[in-house]
Amino acid sequence: MELFDMVMAYAGHPVRTTALEIGAGTGKATRLFAQRGVTVTATDPDGSMLAELRKHVPTNVRTVQTAFEDLRPGERYGLVYAAAALHWTNPEGRWSRMATLLKPGGVFASCGGPFRLADPAVEEAVRAARAPFLESDEIPSPDGTPPGHEMQWPGTELQRSEWFTGVQQSVIERRVTMSARDYVGHLSTISAYLVLPTAEREQVFSQIMQVLPDRVEIAADITVHLARRRYED
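Residues numbered from 1 in each chain as written. Predicted model: local features only at pLDDT ≥ 70, side-chain atom pairs only at ≥ 80, totals over all residues. Heavy atoms only, no water.

**So, empty space enclosed by the protein**
Right, so step 1: The full count for this structure, using the stated rule, is one cavity of 30 Å³ or more.
Right, so step 2: If you add up the space inside the largest cavity, you get close to 40 Å³.
Right, so step 3: L3, V7, F33, Y81, A82, A83, A109, S110 and C111 are the residues that line the largest cavity.
Right, so step 4: Elements supplying a minimum of two residues to the lining of the largest cavity: α1 (2-11), β4 (77-83) and β5 (102-112). (1 Å grid on protein atoms, 1.4 Å probe; cavity = no way out; pocket = protein on both sides within 12 Å on 5 of 7 lines; lining within 4 Å. Points joined across faces, edges and corners; volume = space filled by probe spheres on them. Helix = DSSP H or I, 4+ residues; strand = E, 2+ residues; numbered from the N terminus.)

**Considerations on the pattern of salt bridges**
Right, so step 1: With the rule as written, the count across this model stands at seven salt bridges.
Right, so step 2: The salt bridge partner of R116 is E138, with a shortest N-O separation of 3.2 Å. Placement of R116 in strand β6 (residues 116-117) and of E138 in the loop between α5 (120-130) and α6 (155-160) is noted, with a sequence separation of 22 residues between them.
Right, so step 3: Judged by its relative accessible area of 38%, R116 is partly exposed. (Salt bridge = Lys/Arg side-chain N within 4 Å of Asp/Glu carboxyl O. Buried < 20%, exposed > 50% of the residue type's maximum accessible area, 1.4 Å probe, protein only.)

**Side note on the pairing of β4**
Right, so step 1: In terms of residue burial, β4 counts as a mostly covered element, since six of its seven residues are buried.
Right, so step 2: The pairing of strand β1 (residues 18-22) with β4 spans four bridges and is classified as parallel. Within β4, the residue paired with I22 across the bridge is A82.
Right, so step 3: Of the pairings in the sheet, the one linking β4 to β5 comprises six bridges and is parallel in character. Bridged to A82 within β5 is S110.
Right, so step 4: On the question of chirality, the crossover connecting β4 to the parallel β5 by way of helix α4 (residues 94-101) is right-handed. (Pairing = 2+ DSSP bridges. Right-handed = clockwise from strand over helix to strand, strands pointing away.)

Following this line, the structure appears as structure tokens:
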């Protein structure tokens, strides 16, 4: 997988020892690293998520039910990574806490990105169906970085952090096709919809389903941010 190769190339040496995953969820990213020989400690505050993760991962994965903020300094890792989970962490002290989890010279990696309908006509139909309930379902940048900015969050925060250096941003282009029902299932995980009253949420999903073709093409590009923990403590 291109993401794994990108992280390893940035590290400059094989990360075969230990890695820590923040907000592992059901473990898609966990599998990517663990199946390639990385010993992963997968953390998530949701025990049911970790129970699902354990069904699908190799034996070199250890799970710990905890939030990022409750991780205590102890073992240091060669790699700490988060896949579409970093925005759930508390911004206060985020990078100093991250630094305590990494060996000097260790790598931090973050990846994620929005699902967007690839067909402009379908996207416009969905926008119109959504409009009575939501002006937009975009997730705003946590630090207010505008969408067109050269460096996106969390790279912007990493560049300002005294703990990290060598910040890089890359995009892995990806197209996926899914059923209309699966696409609406994805929408049901987005905070803009989650905060709607239940009745309105059901209405907007019903309206969107009516304008979708049976299968939709999604632009699901992955933005990857990489940074290195400074050697000085």
